Amino acid sequence: MSVPNETPQEQVDQLLGRALNSFELPDETMARLETALAHDIALHSAQHSAGLYRETYRHTWLLGDGSALVLWELVHNATVRREQQHELYTEAEEVHTAAARLPFPADHSPRHDVMSGEDAGHTAAEPLLLETVLLVAPAPRRAYAHFAHEDSADHGRRLLRRAENADRPGAETARLLRTAVAHQITQAFGRPGRTDSGFTLYEHAFLLADGQELSLWEVEHTDSPDGRHVCEVYGEEGQARGVMEGRGAAL
């Protein structure tokens, strides 16, 4: 229903544009959608019967303040001309009520016709009950309203490229960072003595398009044979601090 390369705001516009009742959404909901950072969609339920269909989708939006916003989309062709229509609701109860009002055979439970009787070699269609499980990403640890929302994927790429340690994060981390939509850099403290020894630790926190968070830990120091500035990157804070403490003790 959406193109992978679309931005969250383009996805918002597309969803609102195709919904016949988008004008009924509360002003507060519309304002919050303007801060959307990432989007996830999952099929919630579906019923296909005698040429009619109705499907409900759950749209989860991750917003700039770190909160999540859920919208429910009803897609159906229960019209005189069997034209596809889209409706949008803010509550699950509302979309279920709207779906129940559509003209479907009363003696059919929610089912999906996976093949016609002719294709299957039978005289009637074989229905298959559709059940879906929606996995919701855990709430972010922090708010992203003040994070940088531009060039986050490129920042991750450059961070890994300048890392000189052989055990830096590999291809899987690089793949995830290509989906970064926001990032923030903070100096990490917590254990005394390391910055006095020429070591500085930074956390690079990334928000990914699917709502997950990923942190990389950058150790900057001049503990090199020629005294030049060196950058090392690790996937775990404990690993980065262990490097700092081990080398700092040897100074």
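Residues numbered from 1 in each chain as written. Predicted model: local features only at pLDDT ≥ 70, side-chain atom pairs only at ≥ 80, totals over all residues. Heavy atoms only, no water.

(A) Fine view of helix α3 (residues 92-100). Among all positions in α3, only Val-95, Ala-98 and Ala-99 are buried. Within α3, the buried residues cover an arc of 100° as seen down the axis, which keeps them to one side. Turned more than 90 degrees away from the buried face of α3, the exposed residues are Glu-93 and Ala-100. (Buried < 20%, exposed > 50% of the residue type's maximum accessible area, 1.4 Å probe, protein only. Helix = DSSP H or I, 4+ residues; strand = E, 2+ residues; numbered from the N terminus. Arc of directions from axis to C-beta.)

(B) Main features of the sheet that holds strand β7 (residues 180-187). The strand order across the open sheet formed by 4 strands is β7-β8-β9-β10, and the pairing between neighbours is antiparallel. Looking at strand neighbours, the two that pair on one side only are β7 and β10 (230-234), the edges of this open sheet. Averaged over all neighbouring strand pairs, the angle between strand axes comes to 25°, with direction disregarded. Pairing analysis gives 7 bridges linking β7 to strand β8 (residues 200-208), with the strands arranged antiparallel. (Pairing = 2+ DSSP bridges. Axes fitted to C-alpha atoms, helices over the stretch in contact; angles between N-to-C directions.)

(C) View of helix α5 (residues 152-162). When we look at burial in α5, the residues that qualify are Ser-152, His-155, Gly-156, Leu-159 and Leu-160. One side of α5 holds all its buried residues, which, seen down the axis, span an arc of 130°. Buried residues along α5 sit against α6 (171-177), β7, β8, β9 (213-221) and β10. (Contact = heavy atoms within 4.5 Å.)

(D) A look at the sheet that holds strand β1 (residues 36-49). Taking strand neighbours across the sheet as the criterion, the 4 strands line up as β1-β2-β3-β4 in an open arrangement whose pairing is antiparallel. Edge positions in the open sheet fall to β1 and β4 (85-89), since each of these has one partner strand only. With strand direction ignored, the average angle separating the axes of adjacent strands in the sheet is 20°. Of the strand pairs in this sheet, strand β3 (residues 68-76) and β4 are connected by 5 bridges, and their pairing is antiparallel.

(E) Examining the confidence of the model for the protein more closely. The pLDDT averaged across the protein works out to 77; a share of 74% of its residues lies at or above 70. Note on residues 107-140: pLDDT is under 50 here. Beyond four places in sequence and across chains, it has 45 contacts. Long-range and interchain partners of residues 191-196, a stretch whose pLDDT sits below 50, account for 8 contacts in this model, where long-range means more than four residues apart. (pLDDT = per-residue confidence, 0-100.)

(F) How the structure looks around the environment of Leu-25. Its location among the elements puts Leu-25 in the loop between α1 (8-18) and α2 (27-33). Considered as a pair, Leu-25 and Leu-88 are 63 residues apart in the sequence and their alpha carbons are 8.1 Å apart. Filtering out sequence-adjacent residues up to four positions away, Leu-25 remains in contact with Leu-16, Met-30, Leu-88 and Thr-90.

(G) Local environment of unusual backbone geometry. Phi at Arg-82 is positive, roughly 60°, even though this residue is not glycine. Following the sequence through the fold, Arg-82 ends up in the loop between β3 and β4.

(H) Geometry of the pairing of β10. Most of β10 sits out of view: 5 of its 5 residues are buried. Side chains of β10 alternate between two faces, with Val-230, Glu-232 and Tyr-234 and Cys-231 and Val-233 buried alike. Strand direction decides the pairing type here: β9 and β10, joined by 5 bridges, are antiparallel. By the bridge assignment, Val-219 is partnered in β10 with Glu-232.

(I) Structural view of the nonpolar core. Counting 12 residues, the largest nonpolar core consists of Val-12, Leu-15, Leu-16, Ala-19, Leu-25, Leu-33, Ala-36, Trp-61, Leu-63, Leu-69, Leu-71 and Leu-88. Sorting elements by how many residues they give to this core places α1 first, with 3 residues. Once residues lying within four places of it in the same chain are set aside, the contact partners of Leu-16 are Ser-22, Leu-25, Met-30, Leu-33 and Leu-88. (Core = buried A, V, L, I, M, F, W, Y, C linked by side-chain atoms within 4.5 Å.)

(J) Region of interest: the pattern of salt bridges. Within this structure, the stated rule accounts for 6 salt bridges. Between Glu-172 and Arg-175 there is a salt bridge, and its shortest N-O distance comes to 2.6 Å. Taken together, the residues Glu-172 and Arg-175, both in helix α6 and 3 residues apart, mark about one turn of the helix. Accessibility expressed as a relative area gives 47% for Glu-172, which makes it partly exposed. Among the residues examined, Arg-175 registers a relative accessible area of 40% and is labelled partly exposed. (Salt bridge = Lys/Arg side-chain N within 4 Å of Asp/Glu carboxyl O.)

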